[in-house]
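Geometric and topological summary
Residues per chain are reported as follows:
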Amino acid sequence: MDWSDEADCKDEEAGVEAETLAATCAGTDYQCGDGLCIPVSWTCDEQEDCHAGDDEDPKLCGKESECHQYTCGTGQCIPHRWVCDGGVDCDDGSDEAACGQERNGTDSCKHEQGWFPCQDGSRCLLADHVCDKISQCEDGSDEGSFCSQKPDCSTLSCSHKCIPTPAGPTCYCQPGYELGADKASCVDVDECQEFGACSQGCQNTVGSFTCSCMEGYVMQNNSCLAVRGEPLLFFSTKSEVRGLKVRSMEYFPVATDLPYSIGIGFDSLGGRVYWTDVEAGKETLLFAGLDGSGTTELVTNGLDMPEDLVVDEINRNIYFTDSVRKHLAVCSLESEGGCSVLISDIEQPRAVAIHHKKRLVMFTDWGSKPAIVQVAMDGTNRKDLVTDDLIWPNGLAVDEVDDRVYWSDAKKDTVESIHMDGSDRRVILDMVAKHPFSMAVFEDSLYWSDWEMQEIVSCNKFTGKNFQTLVKEAGIRPMGITIAHPLLSHSGPPSPCQGSPCSHVCLPHPLPSTGYTCACPAHLSLDSTGKLCKSSPQASTLLLSTSAQVFSLHPQSIGKTNNELLAVLPSPSLITSMEGNVVDSMVYMVNRGKNGTIVSFDREIDERMEILTGDQFGSISYDPLSNNLFWVDIHKMDVMVHSLSSGANLEVMTSTSSILSILFVPEKNRLLVAEEGKFTVVRLGDFVPK
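Just so it is clear, the model here is predicted, and its values are computed rather than measured.

What follows deals with the state of the cysteines. Under the counting rule described, the total for this entry stands at 15 disulfides. Note on cysteine connectivity: Cys173 is disulfide-linked to Cys186, with sulfurs 2.1 Å apart. Taking the sign of the torsion about the S-S bond as the criterion, the disulfide between Cys173 and Cys186, at about -95 degrees, is left-handed. Here Cys173, found in the loop between strand 9 (170–172) and strand 10 (177–179), pairs with Cys186, found in strand 11 (residues 186–188); they are 13 residues apart in sequence, far enough to count as distant. Given a relative accessible area of 8%, Cys173 falls into the buried group. For Cys192, the disulfide goes to Cys202, at an S-S distance of 2.0 Å. Taking the sign of the torsion about the S-S bond as the criterion, the disulfide between Cys192 and Cys202, at about -80 degrees, is left-handed. Note that Cys192 is positioned in the loop between strand 11 and strand 12 (201–205) and Cys202 in strand 12, a separation of 10 residues in sequence. Look at Cys202 and you get partly exposed, because its relative accessible area is 29%. Sulfur of Cys459: no disulfide; nearest cysteine sulfur belongs to Cys90 and is 18 Å away. Classification of Cys459 by relative accessible area gives buried; the value is 1%.

Right, dumping it as structure tokens:
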């Protein structure tokens with residue numbers, strides 16, 4: 001052994017490195033100093049992704065420019081409202097370092113709380129250091145002329161204390177109290193009315209308050225966290241569906257090599273993950289087990305762009321939006337092919353979520369009149385929850401603990417929240433989100449996928465702080481997300497749909513009712529019992545034939561793709577043209593097998609009858625108004641009309657070229673004739689036999 005295979009390794013490595021550095025990245029990527037390619041959106045996001053950290057270089061990120069908010073000691077820029085709010089946001093803790101004592105800067109320095117901001121913004125002083133004949137402010141503004149002016153603090157009857165200010169003496173209160181309407185007396189502050197004062201339960205006391213957690217949660221660092229079980233985050237990445245254990249950050253695959261997955265949901269009772277796939281022409285709603293086993297198609301028919309979805313595991317339904325069909329639909333998890341349109345004519349439906357305890361479905365519409373809408377699970381009681389100051393409401397999540405709705409606006413790049421009763425709308429985040437797409441909420445955390453950043457991130461649902469990146473992987477664009485935990489499951493009133501009383505879809509009535517409504521696919525209708533779906537004579541049907549068989553399909557009806565065999569013609573047969581009858585159940589066919597015939601077929605009684613015989617029949621079209629059948633004579637290149645009432649025949653037009661197809665338009669009483677190279681419109685007159 002002479003080690004000759006290792007002799008030139010250093011030179012080879014140097015050559016490889018040089019070759020790597022010479023390579024270029026895609027136009028949408030940033031090239032690190034060592035040649036690594038990362039998405040441009042990952043630069044200047046305060047997370048080092050290049051091995052040497054050059055994607056966060058201060059010069060690249062322009063961090064030497066002026067910060068118009070609060071500047072931390074490390075140079076970080078944070079909102080003014082985060083200073084002295086009880087949570088450390090600067091890496092060096094400078095935003096909370098001197099709170100409750102005199103400090104540099106005037107952030108969160110308010111007269112009504114007993115603080116005096118220097119006019120030049122240099123210091124925040126205690127009330128005792130104002131007008132004490134010792135200048136504490138660099139500009140001397142704490143010892144201004146107001147100190148010797150009347151009225152002064154001696155003229156006020158403050159419940160607690162008084163601070164002199166340039167605008168006159170001002171009463172202020174001890175912590176836990178606030179000024180009353182008379183601006184002199186102090187009244188107890190009900191901290192429980194303040195958003196985020198407590199993680200869950202709140203009990204106000206005089207001058208203070210206490211927090212508590214619901215069953216199944218325990219208080220840790222002022223947050224209510226689940227006692228048992230780890231939250232699971234499921235998400236789609238176009239070609240994959242994955243799971244992530246949120247606390248341990250362990251990945252696991254659910255489904256791979258997918259065409260184009262978007263929306264995602266989870267059913268804890270069935271242990272199934274559901275997702276939508278929008279591959280053109282093959283749009284599908286599918287599910288699989290947690291380990292990816294048993295992948296099954298739930299819906300294959302009636303889909304165009306199924307986007308977001310949410311599982312109602314209590315009532316065993318799944319709701320989803322279709323942005324092309326412009327509706328919100330619902331399917332039963334238990335009944336194959338059991339689907340129905342819940343809300344139609346939504347201009348641009350996107351996200352959907354459920355409040356199980358209130359039996360409400362929420363969805364977003366980012367059409368010309370953007371809205372966040374709530375509707376009962378049976379489609380009644382539709383109500384716009386938010387309509388103002390919306391552009392592209394994209395992600396949507398419901399927090400059933402606090403009865404709040406969270407949404408992201410992909411145009412405004414914001415995350416906002418509102419109470420379920422439409423009150424207390426507030427911005428949670430307006431500095432970080434770039435293009436939020438899908439959202440979820442659990443405990444004190446809000447999760448969302450960001451298209452521009454190509455990440456899944458989280459933040460505190462009250463403050464927007466504690467921003468964390470959970471999923472960040474080159475080449476991966478997270479789409480839909482959902483969070484799963486036992487505490488999120490089975491929460492809600494008992495289902496009136498237990499035992500599957502409906503043949504297809506069972507929809508619970510709004511609370512406090514314990515009733516339900518049955519719903520059917522578009523091509524079916526309820527029978528007299530209101531529970532069973534039967535064939536609807538008003539439903540439109542697509543007829544399809546092979547050479548000897550005739551099938552009926554319902555491509556607009558949501559559910560499993562299925563076709564019904566209507567007729568089988570005896571051999572030899574060759575069906576070349578077919579026409580339905582909008583008046584009754586009759587179907588007309590041209591059969592050019594053997595001798596050639598035009599045949600009528602009654603779908604209801606399965607009866608066939610020859611109308612005309614011969615080998616000259618081409619395209620046919622039916623006029624329901626006069627009960628006439630138009631047909632093309634391929635030998636004479638004529639268009640003929642046959643009265644099904646009298647049996648008479650008449651020539652409608654003749655052509656010098658081959659007639660390819662004909663179509664009667666009853667609304668206009670016109671016959672369209674397609675010839676080689678042109679269309680002809682025939683105005684039908686009295687020559688048409690009655």
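The 3 strands lie next to each other as 55-56-57, forming an open sheet whose pairing is antiparallel. Edge positions in the open sheet fall to strand 55 (659–665) and strand 57 (678–683), since each of these has one partner strand only. Along the sheet, successive strands turn relative to each other by an average axial angle of 20 degrees, direction set aside. Relative to strand 57, strand 56 (residues 670–675) runs antiparallel, the two sharing 6 bridges. Residue pairing in the sheet places Val673 in a bridge with Thr680 of strand 57.

Next up on the list: a nonpolar patch on the surface. Together, Leu663, Leu672 and Val681 line one region of the surface with nonpolar side chains, adding up to about 240 Å² of accessible area. One can find Leu663 in strand 55.

This structure, assessed with the given rule, holds 20 salt bridges. A salt bridge links Lys412 to Asp389, with the nearest nitrogen and oxygen atoms 3.1 Å apart. With Lys412 in the loop between strand 32 (404–409) and strand 33 (414–419) and Asp389 in the loop between strand 30 (383–386) and strand 31 (393–399), this residue pair connects regions lying 23 residues apart in the sequence. For Lys461, the salt bridge is made with Asp399, and the minimal N-O distance between the two is 2.5 Å. With Lys461 in the loop between strand 37 (455–460) and strand 38 (468–472) and Asp399 in strand 31, this residue pair connects regions lying 62 residues apart in the sequence. The pair formed by Lys461 and Asp399 is uniform in burial state, with each residue classed as buried.

Turning to the nonpolar core, a few remarks are in order. Nonpolar side chains in soluble globular proteins tend to be buried together. Core analysis: the biggest nonpolar cluster contains 18 residues, and Tyr319, Leu328, Leu342, Ile343, Val361, Phe363 and Leu507 have the highest contact counts within it. For this core, the secondary structure elements donating two or more residues are strand 25 (327–332), strand 26 (339–343), strand 27 (349–355), strand 28 (360–365), strand 29 (371–376) and strand 40 (505–508). At 3 residues, strand 29 tops the list of elements feeding residues into this core.

For the peptide bond that leads from Lys150 to Pro151, omega is -5 degrees, which places it in the cis range. Its location among the elements puts Pro151 in the loop between strand 7 (123–126) and strand 8 (161–163). Put simply, Leu511 and Pro512 share a cis peptide bond, and its omega is 10 degrees. Checked against the element boundaries, Pro512 lands in the loop between strand 40 and strand 41 (516–519). A positive phi angle, close to 60 degrees, is found at Lys594, a residue other than glycine. Mapping Lys594 onto the fold places it in the loop between strand 48 (586–591) and strand 49 (597–602). Using a relative accessible area of 70% as the deciding quantity, one classes Lys594 as exposed.

Read from one edge to the other, the open sheet built from 3 strands follows the order 44-45-46, with strand pairing classed as antiparallel. Among the strands making up the open sheet, the edge pair consists of strand 44 (542–545) and strand 46 (564–568). Neighbouring strand axes in the sheet, compared pairwise and without regard to direction, differ in orientation by 25 degrees on average. Here 4 bridges tie strand 44 to strand 45 (residues 549–553), and the two strands are oriented antiparallel to one another. Residue pairing in the sheet places Leu544 in a bridge with Phe551 of strand 45.

With 6 of 6 residues buried, strand 24 (residues 317–322) lies mostly within the body of the structure. Of the two faces of strand 24, the one carrying Asn317, Tyr319 and Thr321 and the one carrying Ile318, Phe320 and Asp322 are both buried. The pairing of strand 23 (residues 306–312) with strand 24 spans 5 bridges and is classified as antiparallel. When the bridges of strand 24 are listed, Pro306 appears paired with Asp322. The turn linking strand 23 back onto strand 24 is made up of 4 residues, and Arg316 within it adopts a positive phi angle of 60 degrees. Across 6 bridges, strand 24 lies against strand 25 in antiparallel orientation. Bridged to Ile318 within strand 25 is Cys331.

Attention shifts here to the confidence of the model for the protein chain. On average, residues of the protein chain carry a pLDDT of 87, and 93% of them reach 70 or more. For residues 10–22, every residue scores under 50 in pLDDT, and the model assigns this stretch 7 contacts once sequence neighbours within four places are set aside. Throughout residues 686–690 the model reports pLDDT below 50, and contacts reaching past four residues in sequence, or to other chains, amount to 12 contacts.

Time to look at the pairing of strand 51 (residues 617–623). On any regular strand, side chains alternate: one points to one face of the sheet, the next to the other face. Most of strand 51 sits out of view: 7 of its 7 residues are buried. Two elements, strand 51 and strand 52 (residues 628–633), share 5 bridges in a ladder whose sense is antiparallel. Its bridge partner lying in strand 52, Phe617 is registered against Asp633. From the end of strand 51 to the start of strand 52, which pair antiparallel, there are 4 residues, and Asn627 there has a positive phi angle of about 60 degrees.

Turning next to the packing of aromatic side chains. Counted by the stated rule, this structure contains 13 aromatic pairs. With 5.2 Å between their ring centres and 45 degrees between their planes, Tyr274 and Phe287 make a pair best called tilted. Taken together, the residues span a long stretch of sequence, with Tyr274 in strand 20 (residues 272–277) and Phe287 in strand 21 (residues 284–289) at a distance of 13 residues. By relative accessible area, Phe287 is classed as buried at 10%. The interplanar angle of 15 degrees and the centroid separation of 4.6 Å between the aromatic rings of Phe437 and Trp451 together place this pair among those described as stacked. With Phe437 in strand 35 (residues 436–442) and Trp451 in the loop between strand 36 (445–450) and strand 37, this residue pair connects regions lying 14 residues apart in the sequence. Residue Trp451 is classed as partly exposed on the basis of its relative accessible area, which comes to 24%. Here a set of aromatic residues connected by ring pairs shows up, and it is made of Phe234, Phe252 and Phe266. Against the face of Tyr251 rests Arg242, its NZ or CZ located 5.2 Å from the ring centre. A cation over a ring is seen here: Arg477 above Trp451, with NZ or CZ 5.2 Å from the ring centre.

Conventions we followed
- Residues numbered from 1 in each chain as written.
- Predicted model: local features only at pLDDT ≥ 70, side-chain atom pairs only at ≥ 80, totals over all residues.
- Heavy atoms only, no water.
- Disulfide = S-S within 2.5 Å.
- Helix = DSSP H or I, 4+ residues; strand = E, 2+ residues; numbered from the N terminus.
- Buried < 20%, exposed > 50% of the residue type's maximum accessible area, 1.4 Å probe, protein only.
- Pairing = 2+ DSSP bridges.
- Axes fitted to C-alpha atoms, helices over the stretch in contact; angles between N-to-C directions.
- Patch = residues over 30% accessible without salt bridge, like charges linked within 9 Å, V, L, I, M, F, W, Y side chains within 5 Å.
- Areas by Shrake-Rupley, 256 points an atom, 1.4 Å probe, with all protein chains shown as cover.
- Salt bridge = Lys/Arg side-chain N within 4 Å of Asp/Glu carboxyl O.
- Core = buried A, V, L, I, M, F, W, Y, C linked by side-chain atoms within 4.5 Å.
- pLDDT = per-residue confidence, 0-100.
- Contact = heavy atoms within 4.5 Å.
- Phe/Tyr/Trp six-rings, centres within 6.5 Å; stacked < 30°, edge-to-face > 60°.
- Lys NZ or Arg CZ within 6 Å of the ring centre and 35° of its normal.

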